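# Chain and residue survey
Listed here are the chains, written in short residue letters.
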Amino acid sequence: MSESEEPHVVVTSERLQSVIEALSYASVDEFDSCLALLERSGELRDEFSELETAFSIFVRELGEAKSELNRTLAQQEAINRELEAKLETIEVQQAAIRELSTPIIEVWAGVLCLPVVGIVDSQRSAEMTETLLETIVSKQARMAIVDITGIDVMDTKTADHFIKMARAVRLLGAECIISGINPGIAQTLTHIGVDLTGIRTLRSLRDALQLYLRETEQLVVHQHSQLARKLTTES
Amino acid sequence: MPSETRSFAIQGRSDVVVAGSQGRRFAVRHGFDVRRATELAIVVSELASNIVKHGVRGEIRLLWNSETGEIAVEAHDVGPPIHDMQLAMTDGYDDRGPIDPALILRRGGLGTGLGAVARLADRLEYREEEGGGKVLTAWFVAR
């Protein structure tokens with residue numbers, strides 16, 4: 001059988017052009033324009049239109065698969081964004097936990113309060129000392145109240161370190177009061193024979209603040225009377 | 001056979017806090033009084049702190065054994081082995097000798113962590129694992 005005897009399909013160059021144009025739409029994801037072109041030229045029923053129909057089925061399926069893929073990608077992206085937001089939250093919370101482990105509050109001008117809650121291990125007590133001493137210097141505090149009401153148990157060495165912290169505060173020229181020592185810790189401290197001379201301890205944070213106010217009041221009264229005396233001698 | 005196990009990956013300071021407070025809850029849930037549960041939490045915290053301080057990967061595992069009424073606190077890490085355990089448990093010493101006080105301040109610890117673990121736990125066990133890594137176990141008996 002020679003080549004010339006094979007059946008031929010005759011097609012106008014216009015239709016061929018239209019198919020090429022349709023496929024070029026498909027290549028840039030414009031599936032609707034592509035299908036419109038293919039269906040318009042496929043109105044004629046001949047052998048070439050079978051090819052056009054096959055193309056349009058293929059393009060329709062491709063379009064559907066593509067939009068499905070885009071949907072999945074969008075979902076994935078949303079999940080990723082959510083995950084990133086969660087990771088960010090975790091980081092923020094970790095920073096908060098670190099900060100909360102040594103909160104130092106200036107409860108009054110020149111009066112710092114370090115409320116100790118939770119679990120105190122040797123590392124944390126070392127960190128507390130460092131932060132407290134630094135803050136006393138930077139805030140020029142005259143008094144530091146370390147309130148350990150929230151602590152039931154401490155290791156003996158850690159308790160010992162707390163007392164040392166109070167001494168270090170005094171070395172900086174500020175006063176340190178430890179408030180809220182519970183019976184268990186009191187026993188620990190006396191049991192290990194820590195030297196408690198010069199360490200002021202009070203029952204509660206309230207007592208510590210009252211003491212400070214009383215002393216400041218006395219100081220103010222004293223200064224006033226000195227001033228008054230000075231004025232009387234001058235006149 | 002342990003009847004409940006919980007584990008916590010330790011990577012940073014906040015993991016130490018989480019492991020400590022979860023340790024206390026775990027002990028209270030298994031019938032330990034608050035005081036003893038807090039002592040267990042301190043041990044968890046000291047062991048976890050050590051993992052963070054030495055900058056290695058590690059994990060704290062809590063194992064409740066209902067038959068013996070004990071909680072085992074296991075500290076697993078991939079760091080170098082402890083050279084001399086007895087020395088390491090001495091306050092102010094690490095596993096090779098006395099810690100320089102200046103270094104203590106810089107490292108942000110007192111050098112009394114393992115000492116505290118030894119004081120607070122009912123018993124201790126240390127073992128090195130094949131292929132690197134070590135495990136320190138501290139037992140607490142429910143009373």
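Residues numbered from 1 in each chain as written. Chains lettered and ligands numbered in written order. Predicted model: local features only at pLDDT ≥ 70, side-chain atom pairs only at ≥ 80, totals over all residues.

Taken domain by domain, chain A comprises domain 1 (3-97) and domain 2 (105-234). Distance between the C-alpha centres of domain 1 of chain A and domain 2 of chain A: 74 Å. (Domains from an automatic or database assignment.)

This part takes up the packing of helix α2 (residues 34-53) of chain B against helix α5 (residues 113-120) of chain B. Any two packed helices are characterised by how steeply their axes cross, that is the angle between the axes, and by the distance between the axes. All names here are of chain B. The geometry of α2 relative to α5 is characterised by a closest axis approach of 9 Å and an angle of 150° between their N-to-C directions. Judged by the inter-axis angle, α2 sits roughly antiparallel to α5. Every pair of crossing elements has a handedness; the one defined by α2 and α5 is left-handed. The residues of α5 that touch α2, namely those facing Glu 39, Ile 42, Val 43, Glu 46, Leu 47, Ser 49 and Asn 50, are Gly 113, Ala 116, Val 117 and Leu 120. (Axes fitted to C-alpha atoms, helices over the stretch in contact; angles between N-to-C directions. Helix = DSSP H or I, 4+ residues; strand = E, 2+ residues; numbered from the N terminus. Parallel < 35°, antiparallel > 145°, perpendicular 65-115°, else oblique. Left-handed = near helix turned anticlockwise from the far one by under 90°. Contact = placed C-beta atoms within 7 Å.)

The subject of this paragraph is the pairing of strand β3 (residues 143-147) of chain A. Residue and element names in this part refer to chain A. Burial analysis of β3 places five of its five residues in the buried class, which makes it a mostly covered element. Burial along β3 is two-sided: Met 143, Ile 145 and Asp 147 and Ala 144 and Val 146, pointing in opposite directions, are all buried. Here strand β2 (residues 111-115) runs beside β3; their pairing, made up of five bridges, is parallel. Considered in β3, the bridge of Leu 114 is made with Val 146. A crossover connection joins β2 to the parallel β3 through helix α4 (residues 122-139); in handedness this β-α-β unit is right-handed. Bridging between β3 and strand β4 (residues 175-179) involves five bridges; their strand directions are parallel. Within β4, the residue paired with Ile 145 across the bridge is Ile 177. In this fold, the crossover linking β3 to β4 by way of helix α5 (residues 156-171) has right-handed handedness. (Buried ≥ 20, exposed ≤ 12 C-beta atoms within 10 Å, placed from the backbone. Pairing = 2+ DSSP bridges. Right-handed = clockwise from strand over helix to strand, strands pointing away.)

A word on the sheet that holds β2(A). All names here are of chain A. Spatial ordering of the open sheet is given by β1-β2-β3-β4-β5, a layout of five strands whose pairing is mixed. Each edge of the open sheet is held by one strand with a lone partner, namely β1 (105-108) and β5 (200-202). Strand-to-strand, the axes of this sheet are offset by a mean angle of 30°, without reference to chain direction. Relative to β4, α5 is tilted by about 155°, and along the sheet it contacts β3 and β4.

Residues and elements named next belong to chain B. Ordered by their spatial adjacency, five strands build an open sheet running β1-β2-β3-β7-β6, and the pairing between neighbours is antiparallel. With partners counted over all chains shown, the strands left at the sheet margins are β1 (4-10) and β6 (123-128), one partner each. This sheet shows a mean twist of 15° between the axes of neighbouring strands, independent of strand direction. Of the strands in this sheet, β1, β2 (58-65), β3 (70-77) and β7 (134-141) touch helix α1 (residues 13-29), which is tilted by about 170° from β1. Set on the sheet, α2 makes contact with β1, β2, β3 and β7; between it and β3 the angle comes to about 10°.

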